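# An overview of the molecular structure
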Amino acid sequence: MSKLPCDIVRDLLPLYYDDVCSTATKEDIEAHIATCSGCKLMLEKLKMQEYLSLEIIEKNKIEGNGLKSIAAFWDRSKARAFAKGVLVAASIFSLLLLGYIGLTQWNIVTVPTEVIRITDISQLSDGKIAYHVKMTDGYNVNQIDYKVNSEGDVYMVPVRPLIKSKQNYQIGLANMYDFVNLEQIRANQGVEIRAVYYGSPKKPILIWKKGAELPVANDTVKALFQFD
Ligand SMILES: [Zn+2]
């Protein structure tokens with residue numbers, strides 16, 4: 001039997017296993033283990049534990065928390081970057097779409113007086129004033145804005161978007177007979193009508209002014225606007 005008792009050998013086994021004990025201690029432990037199966041088993045267990053823990057560390061290195069969290073971080077960053085990209089793309093798309101809609105739908109451009117041709121001004125039996133309007137540039141008119149000032153001047157202002165569209169049909173706001181109902185405007189605006197103009201107030205075309213005598217509407221115009 002060795003001179004070392006088992007409990008001291010077992011306390012020393014980790015040091016022995018790590019090879020950090022003195023040569024004398026090492027020799028004593030080896031001498032003890034050679035004859036003590038219990039302490040030998042403890043040493044084997046120690047080796048096995050070391051092996052297992054090494055294996056666990058290796059495993060952790062591959063799929064363990066460390067790499068997992070790095071991978072997760074990358075995934076999260078990628079997901080975040082992707083989401084950001086989608087968001088940016090969506091924003092740009094919205095802006096482009098809005099811009100396109102704006103350019104093609106918002107009626108912010110007044111049709112220049114130079115391309116407006118007013119003909120066939122006449123009066124219907126109920127007092128409405130009829131006229132024919134045609135845009136000679138071949139583009140559509142999208143809307144007519146009515147402006148009435150306190151003086152009683154009525155302006156019918158044809159407007160279109162920045163990106164104007166070609167006239168696809170032979171009729172429409174850009175080529176049609178239309179009428180203006182002075183009685184109605186008077187009632188709506190509460191002002192005596194002094195004159196009626198077509199086009200930009202800066203350079204309007206006079207259609208009618210107070211006291212002016214207009215020719216009586218012909219049958220074509222009557223057929224369009226006179227229902228009595
Ligand atoms: Zn022992």
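Residues numbered from 1 in each chain as written. Predicted model: local features only at pLDDT ≥ 70, side-chain atom pairs only at ≥ 80, totals over all residues. Heavy atoms only, no water.

So, on to the overall build of the chain. Helices and strands together make up the secondary structure of the chain, namely six helices and eight strands. Secondary structure of the chain in N-to-C order comes out as α-α-α-α-β-β-β-β-β-β-α-β-β-α. What you see for the chain is a C-alpha radius of gyration of 48 Å, clearly larger than the 17 Å of a compact globule of 228 residues, by over 25%. With respect to the three principal axes, the spread of C-alpha positions in the chain is 140 × 35 × 35 Å. (Helix = DSSP H or I, 4+ residues; strand = E, 2+ residues; numbered from the N terminus. Rg over C-alpha atoms; globule rule 2.2 N^0.38 Å.)

On to the coordination of the zinc ion, then. Working reference: metal with six octahedral donors, ideal angles 90 or 180 degrees; metal with four tetrahedral donors, ideal angle 109.5 degrees. For the zinc ion, the protein coordination sphere consists of Cys6 (SG), His32 (NE2), Cys36 (SG) and Cys39 (SG), at 1.9 to 2.3 Å. Here the zinc ion binds four donor atoms, and the angle range of 98 to 117° at the metal identifies the geometry as tetrahedral. In primary sequence terms, the donor set of the zinc ion follows C-x25-H-x3-C-x2-C. Note that cysteine 6 is positioned in helix 1 (residues 6-18) and histidine 32 in helix 2 (residues 23-35), a separation of 26 residues in sequence. (Donors = N, O, S within 2.8 Å, 3.2 Å for Na, K, Ca; no water. Tetrahedral: all angles 85-135°; square planar, octahedral: opposite > 155°, others 65-115°.)

Looking now at the sheet that holds strand 3 (residues 129-135). Hydrogen bonds between backbone atoms are what pair the strands of a sheet, whose relative direction is either parallel or antiparallel. In space, the three strands of this open sheet follow the order 2-3-6, with antiparallel pairing throughout. With partners counted over all chains shown, the strands left at the sheet margins are strand 2 (116-123) and strand 6 (175-180), one partner each. For this sheet the average axis-to-axis angle between neighbouring strands, irrespective of direction, equals 25°. By the bridge criterion, six bridges tie strand 3 to strand 6 in an arrangement that is antiparallel. (Pairing = 2+ DSSP bridges. Axes fitted to C-alpha atoms, helices over the stretch in contact; angles between N-to-C directions.)

On the surface, a nonpolar cluster with roughly 1000 Å² of combined accessible area is contributed by Phe93, Leu97, Leu98, Tyr100, Ile101, Leu103, Trp106, Ile108, Leu162 and Ile163. Tracing the backbone through its elements, the reader meets isoleucine 108 in the loop between helix 4 (65-105) and strand 1 (109-110). Overall, the relative accessible area of 60% leaves isoleucine 108 in the exposed class. (Patch = residues over 30% accessible without salt bridge, like charges linked within 9 Å, V, L, I, M, F, W, Y side chains within 5 Å. Areas by Shrake-Rupley, 256 points an atom, 1.4 Å probe, with all protein chains shown as cover. Salt bridge = Lys/Arg side-chain N within 4 Å of Asp/Glu carboxyl O. Buried < 20%, exposed > 50% of the residue type's maximum accessible area, 1.4 Å probe, protein only.)

In the structure shown here, the tally under the stated rule is eight salt bridges. A salt bridge links aspartate 137 to arginine 160, with the nearest nitrogen and oxygen atoms 2.8 Å apart. Here arginine 160 lies in strand 5 (residues 153-160) and aspartate 137 lies in the loop between strand 3 and strand 4 (143-148), a separation of 23 residues in the sequence. Taking the relative accessible area as the measure of exposure, arginine 160 reaches 3% and is therefore buried. A salt bridge links arginine 186 to glutamate 192; its shortest N-O distance comes to 3.3 Å. Given a relative accessible area of 25%, arginine 186 falls into the partly exposed group. The partly exposed category is assigned to glutamate 192, whose relative accessible area is 45%. A single network of salt bridges, built from pairs that share partners, joins Glu183, Arg186 and Glu192.

Let us look at the UniProt feature "transmembrane region" (unreviewed entry) in the chain. Here the UniProt-annotated "transmembrane region" (unreviewed entry) positions come out as residues 81-103. For residues 81-103, the helix share is 100%, the strand share is 0%, and the end-to-end C-alpha distance is 32 Å. (UniProt positions renumbered as here; feature names shortened; annotations may be inferred.)

Assigned domains of the chain: these are domain 1 (6-63), domain 2 (69-105) and domain 3 (109-225). A straight line from the C-alpha centre of domain 1 to that of domain 3 covers 106 Å. (Domains from an automatic or database assignment.)

What follows deals with the nonpolar core. In this structure, Val196, Tyr198 and Ile207 are the most contacted members of the largest nonpolar core, which totals 23 residues. Those elements that provide at least two residues to this core are strand 2, strand 3, strand 5, helix 5 (182-189), strand 7 (195-198) and strand 8 (205-209). In terms of residue count, strand 3 provides more of this core than any other element does, four residues in total. Not counting residues within four places of it along the chain, the set of residues in contact with tyrosine 198 comprises Ile116, Ile118, Tyr131, Val133, Met135, Ile144, Met156, Pro158, Leu173, Pro204, Ile205 and Ile207. In terms of nonpolar packing, the next biggest core, distinct from the first, is built from 10 residues, Leu13, Tyr16, Cys21 and Cys36 among them. (Core = buried A, V, L, I, M, F, W, Y, C linked by side-chain atoms within 4.5 Å. Contact = heavy atoms within 4.5 Å.)

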